[in-house]
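Residues per chain are reported as follows:
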Amino acid sequence: MRTDMQGDEAPVVLPHPVRAAYLAAEGFEDALAEELGRQGVEIMAWHGRLALSASPPVAAAWALDIWLEPELHSIASIGAAAALLRGRQRNWACHAVRHHRRATLIADRLPPVAARPLVFPAAAPTGHLGGWTLLAPDMLLLSTRKSSPFVNGAVPFVEDRVRPPSRAYLKLWEACARLGAWPMPGERCVDLGASPGGWTWAIAQCGAEVVAVDRADLAPQVAAMPGVTLRRESAFGIEPAELGAVDWMFSDIIAYPTRLLALARRWIAGGTARRIVMTIKFQGTTDHETAAAFAAIPGGRVLHLWHNKHELTFLWDREAAAPAGALPPG
């Protein structure tokens, strides 16, 4: 059960030192708490969307960001807090929950960190970024290391609000930014369950060829794009060998997670795809067991993207699979 710190003036009492902090996406605190609980990680308290734990950090797909080396410091003044942060490193992002005016005055004394929307194609920032927050007016929690290079895990883009048939393309853009790679001219891609074509649009915009697989139509403006071919078939019925070698397999299919896991395993076993980007959509309760099975696939990882809803994103790279040629269990 979630336990929030109550009241701006109430003293914060933590029974143990904070050894990790996990930032949940808004509305997905319960999914993160369940995932951590499955790994034996107890949450001491919630500070906004930040789950504070006395256990060492673990991989958590439902965390937008993980503070890997938290430190708790008593601060005598705004200037002392800013001096402490500046003395540790240059770039900091504030997770503001309460004591907002005091946090703003501290942030004003730090070098500015630009969080401008990315223009796709763009890779994730490479600059070192720490996180900090005020648990109380005189108590600062900081971490010089965290898992996300983005401010509070948010990945905004300059959006195209005219041409794509839906906003689903933002998930593909974010996944590619996290990978530091995206479809290129001359590459061949497949988009499973493509209709109405948000992901197909994003792939074709990169200049790559894309085979869109769906029994339903693509939006007319997407179907007319150069390099787009529609195959009116079931995404689950088509065999990877039928399409030949592809640089990317993309999937934003709405289906039960166990069925998507079987699909991912079939494509990996088929050996025709170099990379996979697949959305794992949950219907009702979160299927943590299947999410963990995705994460256990060699060469793969599972993330909750900032643009995800009640879903995770599976990223897989054949070259990262170890040992070479290893197939997923089961």
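Whatever comes next refers back to the structure up there.
Here's a quick rundown of the structure. (Residues numbered from 1 in each chain as written. Predicted model: local features only at pLDDT ≥ 70, side-chain atom pairs only at ≥ 80, totals over all residues. Heavy atoms only, no water.)

**Side note on the overall build of the protein chain**
Of regular secondary structure, the protein chain possesses nine helices and 15 strands. For the protein chain, whose C-alpha radius of gyration is 22 Å, the value lies close to the compact-globule estimate of 20 Å for 330 residues. For the C-alpha atoms alone, the extent of the protein chain along its principal axes is close to 65 × 40 × 35 Å. In the protein chain, which comprises 330 residues, the share counted as buried stands at 52%. Partitioning the intrachain contacts of the protein chain with sequence separation of at least 6 by distance along the chain shows that 68% fall at a separation of at least 24. Positive and negative side-chain charges in the protein chain, numbering 32 and 32 respectively, have mean positions lying 4 Å apart. (Helix = DSSP H or I, 4+ residues; strand = E, 2+ residues; numbered from the N terminus. Rg over C-alpha atoms; globule rule 2.2 N^0.38 Å. Buried < 20%, exposed > 50% of the residue type's maximum accessible area, 1.4 Å probe, protein only. Contact = heavy atoms within 4.5 Å. Lys, Arg positive; Asp, Glu negative; His and termini not counted. Charge placed at Lys NZ, Arg CZ, Asp CG, Glu CD.)

**Details of the packing of aromatic side chains**
Per the counting criterion, the structure on display carries twelve aromatic pairs. Between Phe 120 and Trp 173, the ring centres sit 4.9 Å apart and the planes meet at 5°, which makes this aromatic pair stacked. Of this pair, Phe 120 sits in the loop between α3 (100–107) and β7 (130–136) while Trp 173 is found in helix α4 (residues 169–179), placing the two residues 53 residues apart along the sequence. Both residues of the pair, Phe 120 and Trp 173, belong to the buried class. With a centroid separation of 4.7 Å and 80° between ring planes, the pair formed by Tyr 169 and Trp 173 is classed as edge-to-face. Pair noted here: Tyr 169 and Trp 173 are both in helix α4, with a separation of four residues, about one helical turn. The burial state of Tyr 169 is the same as that of Trp 173; both residues are buried. (Phe/Tyr/Trp six-rings, centres within 6.5 Å; stacked < 30°, edge-to-face > 60°.)

**So, the side chain of Asp 317**
Along the chain, Asp 317 falls in strand β15 (residues 311–317). Since its relative accessible area comes to 17%, Asp 317 is described here as buried. There is a polar contact of 3.3 Å between the side chain of Asp 317 and the side chain of Arg 275. A distance of 2.8 Å separates a polar side-chain atom of Asp 317 from the backbone nitrogen of Glu 319. Apart from the residues lying within four places of it in its own chain, the contact partners of Asp 317 are Arg 274, Arg 275 and Gly 299. (Polar contact = N/O pair within 3.5 Å; in protein donor to acceptor, adjacent residues only side chain to side chain.)

**Considerations on α4**
Among the eleven residues that make up α4, nine are buried, leaving the element largely enclosed by the rest of the structure. For α4, the complete set of buried residues consists of Tyr 169, Leu 170, Lys 171, Leu 172, Trp 173, Glu 174, Ala 175, Cys 176 and Ala 177. Looking at the packing, one finds that the buried side of α4 touches α5 (198–205), β12 (246–251), β13 (273–281) and β15. Of the residues one or two after α4, Gly 180 is the one with positive phi, at around 75°.

**Observations regarding the packing of α4 against α5**
Where α4 contacts α5, the two axes come as close as 7 Å, and the packing angle between them is 50°. One element, α4, and the other, α5, form an angle in the oblique class. Contacts between α4 and α5 involve Tyr 169, Lys 171, Leu 172 and Trp 173 from the former and Gly 198, Trp 199, Trp 201, Ala 202 and Ile 203 from the latter. Its residues assigned to classes, the contact of α4 with α5 comprises seven nonpolar, one polar and one charged. (Axes fitted to C-alpha atoms, helices over the stretch in contact; angles between N-to-C directions. Parallel < 35°, antiparallel > 145°, perpendicular 65-115°, else oblique. Nonpolar A, V, L, I, M, F, W, Y, C, P; charged D, E, K, R; others polar.)

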